[in-house]
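Spelled out from the first residue to the last, the chains are:
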Amino acid sequence: MMFNQSAVRVRAGTRTDRGGNTVTDWSPGAVSRLTVTGLNIQPASQTETADEQRTAVVTGYKVQSAAGAAPDVKAADRIEWAGLLYEVQGEVGRWPQLFTDAPHHIEFVMVRATG
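Predicted model only: the values in this text are computed from it and were never measured.

Visitor: In this structure, what is going on with the overall build of the protein? I would like to understand it.
Guide: Along the protein, the regular secondary structure elements total zero helices and eight strands. Walking the protein from its N terminus toward its C terminus, one meets helices and strands in the order β-β-β-β-β-β-β-β. If you line up the protein on its principal axes, its C-alpha atoms span 50 × 40 × 25 Å. Counting only residues that meet the buried cut, the protein has 30% of its 115 residues in that class. A separation threshold of at least 6 residues defines the contact pool for the protein, and within that pool the share at least 24 residues apart is 55%. Here the protein has roughly 7,500 Å² of accessible surface; of this, 51% comes from carbon and sulfur atoms. Each charge class in the protein can be summarised by its mean position, and for the 11 positive and 12 negative side chains these summaries are 5 Å apart.

Visitor: It is not clear to me how the pairing of strand β1 (residues 5-11) should be interpreted in this structure. Could you clarify?
Guide: In summary, the side chains of a regular strand alternate between the two faces of the sheet. Pairing of β1 with strand β4 (residues 32-50) involves six bridges; the strand directions are antiparallel. Each residue of the ladder has a partner; that of R11, found in β4, is S32. Pairing of β1 with strand β6 (residues 78-81), which is carried by three bridges, proceeds in the antiparallel orientation. Bridge pairing links V10 to R78 in β6.

Visitor: Help me out: how do you make sense of the sheet that holds strand β7 (residues 84-96) in this one?
Guide: Sheet strands pair by backbone hydrogen bonding; their relative direction is either parallel or antiparallel. With respect to topology, six strands assemble into a closed barrel ordered β1-β4-β5-β8-β7-β6, the strand pairing being antiparallel. Across the sheet, the mean angle separating the axes of adjacent strands is 45 degrees when strand polarity is ignored.

Visitor: Before we go on, may I ask you to explain the side chain of D25 in this structure?
Guide: In this fold, D25 is placed in strand β3 (residues 22-25). Salt bridges are absent for the buried D25, whose nearest opposite-charge side chain, R15, sits at 4.4 Å. At 2.7 Å, the side chain of D25 forms a polar contact with the side chain of S27. Apart from the residues lying within four places of it in its own chain, the contact partners of D25 are A12, G13, T14, R15, A30 and V31.

Visitor: In this structure, what is going on with the pattern of salt bridges? I would like to understand it.
Guide: For side chains bearing opposite charge, pairing can occur when the charged atoms are close. Across all of its chains, the model carries five salt bridges by this definition. Here K62 ties to E107 by a salt bridge, and the two come within 3.4 Å at their closest N and O atoms. One end of the pair, K62, is in strand β5 (residues 55-65); the other, E107, is in strand β8 (residues 103-114), and 45 residues separate them in sequence. Residue classification places K62 among the partly exposed residues on the basis of a relative accessible area of 39%. Note on E107: relative accessible area 19%, which makes it buried. Each of R9, R11, D72 and D77 takes part in salt bridges that share partners, so that together they form one network.

Visitor: What am I meant to see in the packing of aromatic side chains here?
Guide: In this description, a pair of aromatic rings is defined by centroid distance and the angle of the planes. Per the counting criterion, the structure on display carries three aromatic pairs. Measuring from ring centre to ring centre gives 4.9 Å for Y61 and W81, while their planes differ by 65 degrees; the resulting arrangement is edge-to-face. Linking Y61 in strand β5 with W81 in strand β6, this pair joins segments that are 20 residues apart in sequence. Its relative accessible area of 17% is what places W81 among the buried residues.

Calculation criteria
- Residues numbered from 1 in each chain as written.
- Predicted model: local features only at pLDDT ≥ 70, side-chain atom pairs only at ≥ 80, totals over all residues.
- Heavy atoms only, no water.
- Helix = DSSP H or I, 4+ residues; strand = E, 2+ residues; numbered from the N terminus.
- Buried < 20%, exposed > 50% of the residue type's maximum accessible area, 1.4 Å probe, protein only.
- Contact = heavy atoms within 4.5 Å.
- Areas by Shrake-Rupley, 256 points an atom, 1.4 Å probe, with all protein chains shown as cover.
- Lys, Arg positive; Asp, Glu negative; His and termini not counted.
- Charge placed at Lys NZ, Arg CZ, Asp CG, Glu CD.
- Pairing = 2+ DSSP bridges.
- Axes fitted to C-alpha atoms, helices over the stretch in contact; angles between N-to-C directions.
- Salt bridge = Lys/Arg side-chain N within 4 Å of Asp/Glu carboxyl O.
- Polar contact = N/O pair within 3.5 Å; in protein donor to acceptor, adjacent residues only side chain to side chain.
- Phe/Tyr/Trp six-rings, centres within 6.5 Å; stacked < 30°, edge-to-face > 60°.

Take a look at the structure:
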């Protein structure tokens, strides 16, 4: 596999709402960004659903990091790639090295819905 692609991991910050609760904050000044390199990003799925009001399209990509890399990506993160914003779908799979607990690589699916 080729691991020549990169993406930006976008992680929400937090803020305190007027009730005193800590809540997720996706505003531009609150998020943190991390450029992740050494990725292989491949098409995984595309579905289209049409009704009388709209056509919804969900596109998914499988993302795998290079061997020996375990970038900091979590299920609640978003991914900027190819000029578009995707959501991480499900948990991030962390694969260990054989016979050790050291990370070998990670895998996850990112999706984008339009319509």
